[in-house]
Amino acid sequence: MSPSLVKALIALVAVASVAELAAGKNYTIEWTASGDYSDWSSKNPVRVGDTVVFTYGSPHTVDELSKPDYEACSFANSLSSEQSGPTAVTFDKAGTRYFACAAAAGSHCSQGQKVAITVADATAGAQSPPPKGDSPPPKGNSPAPKGNAAAPVAGLSVKVVLGLGVGAAFLAAF
Ligand SMILES: [Cu+2]
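Anyway, here's the lowdown on the structure attached to this text.

Cut-offs used in this document
- Residues numbered from 1 in each chain as written.
- Predicted model: local features only at pLDDT ≥ 70, side-chain atom pairs only at ≥ 80, totals over all residues.
- Heavy atoms only, no water.
- Phe/Tyr/Trp six-rings, centres within 6.5 Å; stacked < 30°, edge-to-face > 60°.
- Buried < 20%, exposed > 50% of the residue type's maximum accessible area, 1.4 Å probe, protein only.
- Lys NZ or Arg CZ within 6 Å of the ring centre and 35° of its normal.
- Salt bridge = Lys/Arg side-chain N within 4 Å of Asp/Glu carboxyl O.
- Helix = DSSP H or I, 4+ residues; strand = E, 2+ residues; numbered from the N terminus.

1. Examining the packing of aromatic side chains
Move 1: With the rule as written, the count across this model stands at six aromatic pairs.
Move 2: Ring centres 5.1 Å apart and planes at 50° place the aromatic pair W31 and Y37 in the tilted group. Each member of the pair, W31 as well as Y37, carries the same accessibility label: buried.
Move 3: Between F91 and F99 the ring centres are 6.3 Å apart and the planes differ by 85°, which places this aromatic pair in the edge-to-face class.
Move 4: With relative accessibility at 1%, the residue F91 sits in the buried group.
Move 5: In this structure an aromatic cluster arises from ring pairing among W31, Y37, F54, F91 and F99.
Move 6: In this structure, K114 packs its charged tip against the face of Y70, placed 4.6 Å from the ring centre.

Have a look at this one:
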């Protein structure tokens, strides 16, 4: 590999890492009674920090259930119930969560309108703390970084901050 290609690859990886830190991924589930979601989770590697958006309208619902209730399509003890789409669920920890449609006395669920979503830990080394306070998380509509321009800029701003810090320390010392 030529040195310039290696540099370009390093810059690309840097940009990708920054983009990954900035916001989790969004997945969309078109939530219908005729859908088959049995292998959705194996095809969609959801990680902590990612968001799944269910798109649907009346009469469908997104109910979160315990595993036994999910398996039985029983909605008497739903953990939560949303009746107007779209419904966005952001996953803050690893594990499996169970969602199903309660419409038509659970018959949509029995037909297959149910999904178990298995959430993996965020990629090791790329973990970012969840947003704190009352600012909403990024909606994922920020423009993607273009080319490798972001990497040198980020490096430059780090240098500027370092320079300011050293300058301040110098002024404080003398
Ligand atoms: Cu339904």
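2. Thoughts on the pattern of salt bridges
In a structure, side chains of opposite charge can pair up when their charged atoms sit close to one another.
Move 1: The tally for this structure, following the rule as stated, stands at two salt bridges.
Move 2: A salt bridge links D39 to K43, with the shortest nitrogen-to-oxygen separation between them at 3.2 Å.
Move 3: Take D39: its relative accessible area is 32%, and that puts it in the partly exposed class.
Move 4: The closest approach of N and O atoms between E64 and R97, which form a salt bridge, is 2.8 Å. In this pair, E64 is assigned in strand β3 (residues 62-65) and R97 in strand β6 (residues 95-100), connecting sequence segments 33 residues apart.
Move 5: Judged by its relative accessible area of 11%, E64 falls in the buried class.

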